[in-house]
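Architecture at a glance
What follows is the residue order along each chain.
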Amino acid sequence: MARTQQTRTPAASRQKRVVLITSEKGGVGKSVTARTLVEHLRLGGTRVAAYDADGGVGSLLRVLGTRDEAGELLDEQDPTVGVGYYNIRADDERATLLNCVASGEPLIVHDLAGGSLADLARISDMGEGLDDLLAAFAGQGYRPIVLHLISSEVAATQSVARWIELAGDRVDHVAIRNTRWGKAEADFPFWHGYVDGRGESRGGKVRRRVLEEFGGLEISLPPLPAGTFAKIDADALPFAVAADAARLTIAERSHVARYLRESAVAFERLRPLLGL
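Report on the accompanying structure.

**Considering the sheet that holds strand 2 (residues 49-52)**
The parallel open sheet is built from 7 strands, whose spatial order is 3-2-4-1-5-6-9. Each having just a single partner strand, strand 3 (84-85) and strand 9 (217-221) make up the two edges of the open sheet. Note that strand 1 (residues 16-22) and strand 5 (residues 142-150) share 7 bridges and pair parallel. Residue pairing across strands places Arg-17 opposite Arg-143, the latter belonging to strand 5.

Set out below in C-alpha cells:
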C-alpha cells in the first residue's frame, strides 16, 4: 500500500538532520551538488557543518575549505565555516560520519565518495547493513536525508534501489536529477522508465517506490556549460565568487549567475526536510 508524504509536526521540524549525498555510481555529480547546496545554505544564513568523505583530496574541501593568507588549505578545518574531512574508506577514519553528530549541530552535510555504501555498513554494522548506523543516528536525535544523484545510466538507479533495500523509510529519500545529461524524461530512461523496441515497459519502478511508497522528493538541478564549469573547477572557485570573477568572460559569469538562481529555486523544495 502506497504511503503518503508525512506531515511534519513542530517537533519533527526541530529534529536535527544529517544529509548524505551519495551514489554507488561515480561521476554523477555528487560533489558539485554538495558544493552547490552548502554554498546556497550558507549564503542564505543557514549554519551548516560540511564534511568531505574523500579525505584531503575531495572537491568539497578543495573549493569551500578554509585557507590561510597564502591560499593554502588549513589542516584543521572548522566544518561550520570550512569543510571537515575524512577518508570513508579508511578503517580508522570512516566513523567520523557518525561521531560528528556529537557536536549537536542541527544540520550536517556529508559529500560521500562514490561507491561508499559498503563503507557505511562497516561503521556500526560490521558490513552487514545499516540497521545499527541508522539506530545510532536516531538515538542522537538525527534524521538522515539521502540525496541520490540520478544520471542517465542504470547504475545510478540501481544505487537508489540498494539504499531503499537497506534503509527503507528510516531515511528521507531525495532524487537529484543531474540535467547535464538532459532535461527530458527520455534522457533518464532507467529512472523514469521507457518502452523498448518490442513494446515492453522497462525501468521506472525505483522512482515510483521513492515517490509513492516512501513519500520522497525529486529535484532537477540545472546544467552549467562544461567549459565554464571546467574553468571554475580548475581555480577552485565557489560559485558565488565565480559569478563576479574577472578571470571569466561576461558570458561565463552569466552562466554561473543563472546556475545559482535556478539551483536556489530547486533547493527551496528541500527546506521543509531540512527543518528550515
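**What to know about the side chain of Ser-116**
Among the secondary structure elements, Ser-116 is positioned in the loop between strand 4 (107-111) and helix 5 (117-124). Leaving out residues up to four positions away in the same chain, Ser-116 has contacts with Glu-24 and Ile-88.

**Quick word on helix 6 (residues 131-139)**
Taken residue by residue, helix 6 has Leu-133, Leu-134 and Phe-137 as its buried positions. Along the long axis of helix 6, the arc covered by the buried residues comes to 95 degrees, so they all point the same way. Of the residues in helix 6, the exposed ones pointing more than 90 degrees away from the buried face are Ala-138 and Gly-139. At its buried positions, helix 6 is contacted by strand 1, helix 4 (96-99), helix 5, strand 5 and helix 7 (154-167). Immediately beyond the C-terminal end of helix 6, within one or two residues, lies Gly-141, with a positive phi of roughly 85 degrees.

**A word on the layout of surface pockets**
Considered as a void within the structure, the largest pocket measures approximately 480 Å³ in volume. Lining the largest pocket we find 27 residues, and of these Gly-29, Val-32, Asn-178, Arg-180 and Phe-229 sit closest to its centre. Elements with a contribution of two residues or more to the lining of the largest pocket: helix 2 (30-43) and helix 10 (226-234). Among the elements that take part in the lining of the largest pocket, helix 2 stands out by supplying 5 residues, more than any other. Within the lining of the largest pocket, the residues separate by chemical class into 12 nonpolar, 8 polar and 7 charged.

**Concerning the environment of Gln-140**
One can find Gln-140 in the loop between helix 6 and strand 5. Separated by 124 residues in the primary sequence, Gln-140 and Lys-16 place their C-alpha atoms 8.8 Å from one another. Beyond its immediate stretch of four places on either side in the chain, Gln-140 contacts Lys-16 and Val-101.

**Quick word on the nonpolar core**
One finds Val-19, Ile-21, Leu-147, Val-174 and Leu-270 to be the most contacted residues of the largest nonpolar core, which totals 30 residues. Those residues within four positions of Leu-147 in sequence are excluded, and the remaining contacts are Val-19, Leu-20, Ile-21, Thr-22, Leu-37, Val-174, Ile-176 and Leu-270. Counting 28 residues, the second largest nonpolar core, distinct from the first, contains Ala-53, Ala-121, Val-146 and Trp-163.

Rules and cut-offs
Residues numbered from 1 in each chain as written. Predicted model: local features only at pLDDT ≥ 70, side-chain atom pairs only at ≥ 80, totals over all residues. Heavy atoms only, no water. Pairing = 2+ DSSP bridges. Helix = DSSP H or I, 4+ residues; strand = E, 2+ residues; numbered from the N terminus. Contact = heavy atoms within 4.5 Å. Buried < 20%, exposed > 50% of the residue type's maximum accessible area, 1.4 Å probe, protein only. Arc of directions from axis to C-beta. 1 Å grid on protein atoms, 1.4 Å probe; cavity = no way out; pocket = protein on both sides within 12 Å on 5 of 7 lines; lining within 4 Å. Points joined across faces, edges and corners; volume = space filled by probe spheres on them. Nonpolar A, V, L, I, M, F, W, Y, C, P; charged D, E, K, R; others polar. Core = buried A, V, L, I, M, F, W, Y, C linked by side-chain atoms within 4.5 Å.

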